[in-house]
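Inside the fold
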Amino acid sequence: QVQLVESGGGLVQTGGSLRLSCVASGSIFAINIMGWYRQAPGKQRELVAAIGSGDSSNYADSVKGRFTISRDNAKNTVYLQMNSLKPEDTAVYYCSAEIRSSPRLSYSRAWGQGTQVTVSA
């Protein structure tokens, strides 16, 4: 079994920073794309940022220039550095990853439990 656990969320004022971490554990043979999604009340879950195995990345227009995604393959960890936070960034942030549990299996999508990020004015 594979588990993704996020950490680093919390309450911060407008203009502040937070760094989210997501660690994958369990039966892991390989990890391809890793990413961060967020969902605010009354809104659909949206992609915030994603990073490939070769470190290529993409971001939602709303966070470009403010957020940075990175990964440490040796630690099976993906990070999201969030700077210049705005109230509009308030949401539950979810980690996701495409993971192969063994050479016999194909990639499948895994999700974390989510971590709350709240930005106050």
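Higher on the page you've got the structure.
All figures in this text were calculated on a predicted structure; none of them were measured in a lab. (Residues numbered from 1 in each chain as written. Predicted model: local features only at pLDDT ≥ 70, side-chain atom pairs only at ≥ 80, totals over all residues. Heavy atoms only, no water.)

With respect to the nonpolar core
By size, the foremost hydrophobic cluster in this structure holds 29 residues, and its most contacted members are Trp 36, Leu 80, Met 82 and Tyr 93. Elements represented by at least two residues in this core include exactly strand E3 (18-26), strand E4 (30-39), strand E5 (46-51), strand E7 (67-72), strand E8 (77-82), strand E9 (91-100) and strand E11 (115-120). Among the elements that make up this core, the one with the highest residue count is E9 (five residues). (Core = buried A, V, L, I, M, F, W, Y, C linked by side-chain atoms within 4.5 Å. Buried < 20%, exposed > 50% of the residue type's maximum accessible area, 1.4 Å probe, protein only. Helix = DSSP H or I, 4+ residues; strand = E, 2+ residues; numbered from the N terminus.)

Thoughts on the state of the cysteines
Applying the stated rule across the entire model yields one disulfide. Here Cys 22 pairs with Cys 95 through a disulfide, and the sulfurs are 2.1 Å apart. Here Cys 22 and Cys 95 share a disulfide; its torsion about the S-S bond, -80°, makes the bridge left-handed. On the criterion of sequence distance, the pair formed by Cys 22 in strand E3 and Cys 95 in strand E9 is long-range, its members being 73 residues apart. The same class applies to Cys 22 and to Cys 95, which are both buried. (Disulfide = S-S within 2.5 Å.)

Quick notes on the pattern of salt bridges
When their charged atoms lie close together, side chains carrying opposite charge are able to pair. Here the structure, examined in full by the defined rule, presents five salt bridges. Residue Glu 46 is joined to Arg 38 by a salt bridge in which the shortest nitrogen-to-oxygen separation is 2.8 Å. Residue class for Glu 46 comes out partly exposed when judged on its relative accessible area of 35%. Among the ionic pairs, Asp 89 bridges to Arg 38, the shortest N-O distance being 3.0 Å. Taken together, the residues Asp 89 in the loop between E8 and E9 and Arg 38 in strand E4 connect sequence positions 51 residues apart. The exposure classification of Asp 89 matches that of Arg 38, with both residues buried. (Salt bridge = Lys/Arg side-chain N within 4 Å of Asp/Glu carboxyl O.)

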